[in-house]
Amino acid sequence: MFLRKILSRPLPNTHFVTARMPVRVGPDVVEAAFVTPVERELNDATLGTVADFEIIRDIHGEPEELVLNLLLITDAARALGRIEAMLQSLDAPVGSTMRVDGTNEVRKFGMSQGLGLYLPTAETDADLRLDIVEIFTDAMEGAGLYQGSAQFGNLTALYFYGDSFNAMRKAITYALTHDPRCRNAETRRLT
């Protein structure tokens with residue numbers, strides 16, 4: 001939010017746009033999965049830049065929303081549509097919104113659904129997390145994409161996003177019920 005505070009009033013012919021995505025993305029991948037690709041696309045299209053971003057956490061410390069603040073040279077519908085398409089290609093989930101500061105219009109977008117796999121942190125070291133991510137990524141066979149992890153309280157969460165929560169859940173059912181490393185795992189719908 002530092003840059004946004006400095007530029008509390010946009011420069012002439014620039015517009016602040018806020019994209020809010022209810023994506024539970026781990027801080028370990030947020031820049032690679034969202035910030036860097038959006039920044040690159042905005043620069044390539046000479047539309048603007050990413051002013052800043054923030055991961056909003058719930059009362060337990062779990063990531064629950066990613067906020068991207070963009071500084072654009074235009075707020076034309078076509079440019080906003082291009083940004084929405086770009087964010088959807090990065091798996092922006094259902095319930096994502098975009099708003100140009102100073103307006104009441106909220107644009108809704110997003111198509112992906114999320115699956116969270118929750119494991120007791122005490123039973124989960126880094127090697128085990130990597131093993132489980134590999135097991136579930138293989139089991140999903142492209143139905144879901146790993147989007148990082150987060151530790152909060154006594155849990156470690158692994159986040160996956162894809163076209164269908166049900167398809168991802170079905171794909172990992174065998175591993176959840178038969179792999180002893182997953183015996184205390186719980187899944188939750190994220191969107």
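In this report, we go over the structure that sits alongside the text. Please read all numbers here as calculations on a predicted model, not as lab measurements.

1. Points about the overall build of the chain
Piece 1. When helices and strands are tallied, the chain shows 5 helices and 9 strands.
Piece 2. Here the C-alpha radius of gyration of the chain, 18 Å, is about what a compact globule of 191 residues would show, namely 16 Å.
Piece 3. Along the first, second and third principal axes, the C-alpha atoms of the chain reach 60 × 30 × 30 Å.
Piece 4. Expressed as a percentage of the 191 residues in the chain, the buried residues total 47%.

2. Quick look at the packing of helix α2 (residues 30-44) against helix α3 (residues 77-89)
What describes two packed helices is the angle between their axes and the distance between those same axes.
Piece 1. Orientation of α2 relative to α3, taken along the N-to-C sense of each, is 145 degrees, at an axis distance of 11 Å. The handedness of the crossing between α2 and α3 is right-handed. Along the contact surface, α2 presents Pro37, Val38, Glu41 and Leu42, while α3 presents Arg82, Ile83, Met86 and Leu87.
Piece 2. Partitioned by chemical class, the residues of the contact of α2 with α3 number 6 nonpolar, no polar and 2 charged.

3. A closer look at the packing of aromatic side chains
Piece 1. Summed over all chains, the structure comprises 3 aromatic pairs.
Piece 2. Aromatic side chains Phe136 and Phe160 sit 6.4 Å apart centroid to centroid with 90 degrees between the ring planes, which places their arrangement in the edge-to-face category. Of this pair, Phe136 sits in helix α4 (residues 126-140) while Phe160 sits in strand β8 (residues 155-162), and the two are 24 residues apart along the sequence. Accessibility classification places Phe136 together with Phe160 in one group, the buried group.
Piece 3. Measuring from ring centre to ring centre gives 5.6 Å for Tyr146 and Phe160, while their planes differ by 55 degrees; the resulting arrangement is tilted. In this pair, Tyr146 is assigned in strand β7 (residues 145-152) and Phe160 in strand β8, connecting sequence segments 14 residues apart.
Piece 4. For Arg188, the ring lying beneath its charged end belongs to Tyr118, and the centroid distance is 3.9 Å.

Criteria and thresholds
- Within any chain, residue numbers begin from 1 and follow the written order of that chain's sequence.
- Only residues with pLDDT of at least 70 get local features here, since the model is predicted, and only at 80 or more are side-chain atom pairs given and counted; chain-wide, interface and lining totals rely on the full set of residues.
- Hydrogen atoms and water are omitted, and side-chain values are computed over all heavy atoms in the structure.
- Numbering goes from the N terminus for both helices and strands, where a helix is a DSSP run of H or I of at least four residues and a strand is a run of E of at least two.
- Between the two quantities, the radius of gyration covers C-alpha atoms and the globule rule is 2.2 Å times the number of residues to the power 0.38.
- Each residue's exposure class comes from its accessible area (1.4 Å probe, protein chains only) as a fraction of the maximum for that residue type: buried when under 20%, exposed when over 50%, partly exposed otherwise.
- A fitted line through C-alpha atoms represents every axis, and for helices the fit uses only the stretch in contact; the resulting angles, taken between N-to-C directions, go from 0 to 180 degrees.
- For any pair of crossing helices, the crossing counts as left-handed if the nearer helix is rotated counterclockwise from the farther one by less than a right angle, and right-handed if it is rotated clockwise.
- By definition, residues are in contact when any of their heavy atoms lie within 4.5 Å.
- Gly falls in the polar group here, along with every residue not listed as nonpolar (Ala, Val, Leu, Ile, Met, Phe, Trp, Tyr, Cys, Pro) or charged (Asp, Glu, Lys, Arg).
- Ring geometry is summarised as follows: Phe, Tyr and Trp rings, the Trp one being its six-membered ring, pair when their centres sit within 6.5 Å, and such pairs are stacked at plane angles under 30 degrees, edge-to-face over 60 and tilted between the two.
- Sitting over a ring, as applied to charges here, requires NZ of Lys or CZ of Arg to be within 6 Å of the ring centre and within 35 degrees of the ring normal.

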